[in-house]
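# Descriptive analysis of the structure
What follows is each chain in one-letter form.
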Amino acid sequence: MLRIGALVSGGGTNLQAVMNAIDSGLIPDAEISIVISNKKNAFALERATNAGIENVVIQRKNFSKSEDFDRALADELRSRNVELILLAGFMSILGPSFFEHYENRVMNIHPALIPAFSGPGYYGLKVHEAVLEYGCKISGASVHFVTPEVDAGPLILQKAVVVESGDTAEILQKRIMEEAEWQIYPEAVRLFALGKLRVDGHQVIIKK
Ligand code: GAR
């Protein structure tokens, strides 16, 4: 049984997509063991409660140093023997020490085609605002393994989505979630659960 921990900050639709894929059997032999939010009002917590998944709030403001916040998150995950960590709309940057025990075991979903519109400052609606301002005709989503450099780890899956004329950031965000994020995040977790992902340098090889 693959034990998964999810870190969230907001609505939790990507968390929901992964929970649904586990429930439907698309992701075999896996469970979400813990959901951790750094925001106490995150709707993702309600989703976890509704699914009977243990959930806790750990807020950065309660720690004087960010390393202590990172350690509290890692301790919570380690105490549940989590083997895969999903950043699912988690809007806080983790320090290098967090990854020591979890090399190639932390995934993130980013709402653009990395390396475009990624890195510090590009999160949530800001990504889509920047895509529209630039005049891109295509955007999309990317799932990658997380390394200490923001949004720069090995790419696992990407999916392109068309930008339509008249799109607002909110409309584009919704289309990218529906057409890309909620599909490629569960698929990446499925491939991990089946042992089909191998990291070679900056490349992720997907075994047949
Ligand atoms: C998603 O669009 C996700 O890709 C993005 O925030 C949204 C969270 O929605 N994540 C980032 O921008 C991370 N840099 P959700 O809480 O409904 O999954």
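Now for a description of the structure that goes with this document. (Residues numbered from 1 in each chain as written. Predicted model: local features only at pLDDT ≥ 70, side-chain atom pairs only at ≥ 80, totals over all residues. Heavy atoms only, no water.)

### Remarks on the packing of aromatic side chains
As enumerated under the stated definition, the model contains five aromatic pairs in all. Between Phe98 and Phe99, the aromatic rings sit 5.5 Å apart at their centres with planes inclined by 80°, giving edge-to-face as the arrangement. Across the pair, exposure class does not vary: Phe98 and Phe99 are buried alike. Arranged with centres 6.0 Å apart and planes meeting at 80°, the rings of Phe117 and Tyr134 form a pair that is edge-to-face. In this pair, Phe117 sits in the loop between strand 5 (106-110) and helix 4 (125-134) while Tyr134 sits in helix 4, placing the two residues 17 residues apart along the sequence. Under the relative-accessibility criterion, Phe117 is labelled buried at 16%. Taken together, the ring pairs connect Phe98, Phe99 and Tyr102 into an aromatic cluster. (Phe/Tyr/Trp six-rings, centres within 6.5 Å; stacked < 30°, edge-to-face > 60°. Buried < 20%, exposed > 50% of the residue type's maximum accessible area, 1.4 Å probe, protein only. Helix = DSSP H or I, 4+ residues; strand = E, 2+ residues; numbered from the N terminus.)

### With respect to the side chain of His110
Its place among the elements puts His110 in strand 5. Here the side chain of His110 touches Phe117 through a polar contact of 2.8 Å, landing on its backbone oxygen. Apart from residues lying up to four places away in sequence, His110 is in contact with Phe117, Ser118, Tyr122, Val127, Gly140, Ala141, Ser142 and Asp151. (Polar contact = N/O pair within 3.5 Å; in protein donor to acceptor, adjacent residues only side chain to side chain. Contact = heavy atoms within 4.5 Å.)

### Some points on helix 4
For helix 4, the complete set of buried residues consists of Val127, His128, Ala130 and Val131. When helix 4 is viewed along its axis, its buried side chains cluster within an angular range of 160° and face the same direction. Structurally, helix 4 contributes buried residues whose contacts are with strand 5, strand 6 (138-145) and helix 5 (169-193). Remark: Gly135 follows helix 4 within two positions and exhibits a positive phi of approximately 85°. (Arc of directions from axis to C-beta.)

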